[in-house]
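Next come the chains, spelled out residue by residue.
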Amino acid sequence: MTTTADMWFDPRCPWAWNASRWLLEVERVRAVSVRFQVMSLSVLNEGRDGLEEWYQEWLKPGMGPVRVAIAAEQKYGNEVLRDLYTALGDRIHHGRAPIGPELYRAALAEVGLAVDLADAAESSDHDAALLASHHAGLAPVGEDLGTPTIHVTADGRRTAFFGPVVAPIPRGEAAGRLWDGVLACANTDGFFELKRARTRPPIER
């Protein structure tokens, strides 16, 4: 029986991008079906004290991409998020495209979606749906966490966790071995955390 992995992403998060590309590798080597869901780092950090100045600046344009993604999902269905996320992420993380209408329109056009969905970036029309998706993803793992958040459903049982935070992206069977290990940890009753300091950037420049 195929296992389902739902991953909540903010298009601008580089660690989520790595995790998403890892999951697509996992699909190739394990009986796993990946679905993508939208969350927002801007929503997550709204009203928080003590954020570093650079991060506060980074968050400012953050609602645009997630609003476009949730508007596309509302119009076309969840299945469009996979390709739209890839189109946005390639431009953001590898093309260094500025966040704005040109980015949204190019990504939407690439995957054959209505380019006027780019206007959703400046609209609150889909914010209720965004908040619902955001909280559905984070509630089982803790609202103080963020992305990547993954829910794994197999044999009617759901396991939810934050992570993995990984760079570079594991490929092929290495991706499968990481998947096996992550599930072994996540499915252990009472297991909460395994962590070490990051020693490299998420996306190599």
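You'll find the structure just up there.
What counts as what
Residues numbered from 1 in each chain as written. Predicted model: local features only at pLDDT ≥ 70, side-chain atom pairs only at ≥ 80, totals over all residues. Heavy atoms only, no water. Helix = DSSP H or I, 4+ residues; strand = E, 2+ residues; numbered from the N terminus. Buried < 20%, exposed > 50% of the residue type's maximum accessible area, 1.4 Å probe, protein only. Lys, Arg positive; Asp, Glu negative; His and termini not counted. Salt bridge = Lys/Arg side-chain N within 4 Å of Asp/Glu carboxyl O. Polar contact = N/O pair within 3.5 Å; in protein donor to acceptor, adjacent residues only side chain to side chain. Contact = heavy atoms within 4.5 Å. Phe/Tyr/Trp six-rings, centres within 6.5 Å; stacked < 30°, edge-to-face > 60°.

### Quick look at the side chain of D10
Turning to its location among the elements, D10 is positioned in the loop between β1 (3-9) and α1 (14-29). Of the side chains with opposite charge, R12 lies nearest to the buried D10, which makes no salt bridge, at 5.8 Å. One polar contact links the side chain of D10 to the main-chain amide nitrogen of L41, over a distance of 2.9 Å. With residues up to four places along the chain from it excluded, the contact list for D10 reads A16, M39, S40, L41, S42, V66, Y85 and T147.

### Digging into the packing of aromatic side chains
All chains considered together, the criterion is met by 7 aromatic pairs. Centre to centre, the rings of W17 and Y85 are 5.5 Å apart; their planes meet at 80°, and the pair counts as edge-to-face. Residue W17 is found in helix α1, and its partner Y85 is found in helix α5 (residues 80-94); the two are separated by 68 residues along the sequence. For W17, a relative accessible area of 1% puts it in the buried group. Taking the relative accessible area as the measure of exposure, Y85 reaches 1% and is therefore buried. Summarising the aromatic geometry, the rings of W22 and W179 are spaced 6.0 Å apart at their centres and angled 50° between planes, so their arrangement reads as tilted. Pair noted here: W22 is in helix α1 and W179 is in helix α8 (residues 172-186), with a separation of 157 residues, a long-range link. The same class applies to W22 as to W179, namely buried.

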